[in-house]
Amino acid sequence: MKRPNFIIAGAPRCGTTALYTYLGEHPNIFLPKIKELHYFALDFPDVQKIIFKSVEEYLTVFADAGDRHLAVGEVSPLYYYSKVALKNIREFDPAIKIILILRNPVDFVQSVHQLNLGLLREDEPDLAKAWELQETRKQGKMIPKICREQALIQYGEMGLFGKYVEKVFEVFPKEQVLVVLFDDFAANPKAVYETILSFLNVPSDGRQEFLPVNASYEHKSKHLARIIHPPQSIYKLFMRIISLFGVNSMKKVSLIYNKIEMFNARRIPRSSIDPILRRKLQSYFREDIQKLANLINRDLSIWLADQ
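**Q** Give me the nonpolar core: which residues, what numbers.
**A** Among the nonpolar cores identified, the biggest contains 94 residues, and Tyr80 and Tyr81 are the most heavily contacted of them. Looking at which element gives the most residues to this core, the answer is helix H14 (residues 275–296), with eight residues.

Below, the structure written as structure tokens:
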């Protein structure tokens, strides 16, 4: 059975779904039908879509990978934030390749906040107010009822890309890590796509079309959204029951869930950030942006410019 030899480990809302879509259509690359398995993130159990009882069960999601698949991987963007995932991945395969795609943390915070609203893990629609709530929420107060992982509403911490890239480089040698910037991906997706193929030692398939994937959205039906995004206690009970029927049953349930989620999604235009809030967030992230710039040897001053 083929084993994954690369992982897209982060970050969410930075283009991981687009990479999953484009790479998954390459004839020599295999990605499982279920995105965001988060098998190695044992400290994020409430975001795992399948409960694997062993590494052998985890490997069953790659069972359809064949000899033509030169690269076999998965996409789990919360590995980036996990305290244990990277070390678990290294123990699984010290030679595995890691891909990260990152963006301006100010735009990232806005996008994650919008995603959290869509997933009902955030109940404060005003980004400025949600930002101010972070300290209160660290104390376990004013946590949205349907938020299953409190770390995902700590927007400031999530946007410290320099901090987390440094942690990745502490676990894996730099030659095994490819850091992609969303800015480059948006400006020239073909060039970035070809860079990733080269990193994975996979020949080009000549792809020319790169349609937008996973834009901002809202739910068509709030009632349906509440059904598929239940409170933590109900979610845990549901997962525990489904797990009794084995991994294959959990795979089927996860695929059905994804279809319902897509059916209930409606694209919305991206809203602009208030200039005062943007400057506040730029000030917060300034030092970390410089750290990231030094780590990847890129000039990121544009992220701190007035817009």
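So that's the structure; there's more coming.
**Q** Tell me what's going on with the pattern of salt bridges, and back it up with residues and numbers.
**A** Tallied over the entire structure, the rule returns 11 salt bridges. A salt bridge links Glu122 to Arg137; the shortest N-O distance between them is 2.7 Å. Residue Glu122 is found in the loop between helix H4 (105–118) and helix H5 (127–132), and its partner Arg137 is found in helix H6 (residues 134–138); the two are separated by 15 residues along the sequence. Beyond isolated ion pairs, a larger network of salt bridges with shared partners links Glu122, Asp123 and Arg137.

**Q** Give a detailed account of the sheet that holds strand S1 (residues 6–10), specifying residues and quantitative values.
**A** Across the sheet, five strands lie side by side as S2-S3-S1-S4-S5; this open sheet has parallel pairing. Single-partner strands in this sheet number two, and they are strand S2 (29–30) and strand S5 (177–181). For strand S4 (residues 97–102) and S5, the ladder comprises five bridges, and the chain directions are parallel. Opposite Ile101, over in S5, you have Val180 as the bridge partner. Sitting on the sheet, helix H1 (residues 16–24) is in contact with S1, S2, strand S3 (71–75) and S4, with an inclination near 160° to S1.

**Q** Tell me about the packing of aromatic side chains, and please be specific about residues and values.
**A** Counted under the stated rule, the structure contains 21 aromatic pairs. Where Tyr39 meets Phe40, the ring centres are 4.9 Å apart and the plane angle is 70°; that geometry is what we call edge-to-face. A relative accessible area of 16% places Tyr39 in the buried class. The class for Phe40 is buried, based on a relative accessible area of 5%. Put simply, the rings of Phe30, Tyr39, Phe40, Phe52, Tyr58, Phe62, Tyr79 and Phe92 pair up and form one aromatic cluster. The aromatic ring of Phe199 is capped on one face by Lys97, whose charged end is 5.1 Å from the ring centroid. In this arrangement the basic side chain of Arg207 is found over the ring face of Phe210, its NZ or CZ atom lying 5.3 Å from the centre.

**Q** Any details on the environment of Val177? Residues and values, ideally.
**A** Mapped onto the secondary structure, Val177 falls in strand S5. With relative accessibility at 9%, the residue Val177 sits in the buried group. As for Val177 and Val165, which are separated by 12 residues in sequence, their C-alpha atoms are 9.6 Å apart. Setting aside residues up to four positions removed in sequence, Val177 forms contacts with Ile98, Leu100, Val168, Phe169, Phe172 and Phe199.

**Q** Go over the packing of helix H12 (residues 232–243) against helix H13 (residues 247–263), please, and point to the residues and values.
**A** Close contact between H12 and H13 brings their axes to 8 Å; oriented N to C, the two are set at 135°. It follows from the interaxial angle that H12 and H13 lie oblique. For the pair formed by H12 and H13, the contact residues are Phe238, Met239, Ile242 and Ser243 on the first element and Ser249, Met250 and Val253 on the second. Classifying every residue of the contact of H12 with H13 gives five nonpolar, two polar and no charged.

Rules of the game
Residues numbered from 1 in each chain as written. Predicted model: local features only at pLDDT ≥ 70, side-chain atom pairs only at ≥ 80, totals over all residues. Heavy atoms only, no water. Core = buried A, V, L, I, M, F, W, Y, C linked by side-chain atoms within 4.5 Å. Buried < 20%, exposed > 50% of the residue type's maximum accessible area, 1.4 Å probe, protein only. Helix = DSSP H or I, 4+ residues; strand = E, 2+ residues; numbered from the N terminus. Salt bridge = Lys/Arg side-chain N within 4 Å of Asp/Glu carboxyl O. Pairing = 2+ DSSP bridges. Contact = heavy atoms within 4.5 Å. Axes fitted to C-alpha atoms, helices over the stretch in contact; angles between N-to-C directions. Phe/Tyr/Trp six-rings, centres within 6.5 Å; stacked < 30°, edge-to-face > 60°. Lys NZ or Arg CZ within 6 Å of the ring centre and 35° of its normal. Parallel < 35°, antiparallel > 145°, perpendicular 65-115°, else oblique. Nonpolar A, V, L, I, M, F, W, Y, C, P; charged D, E, K, R; others polar.

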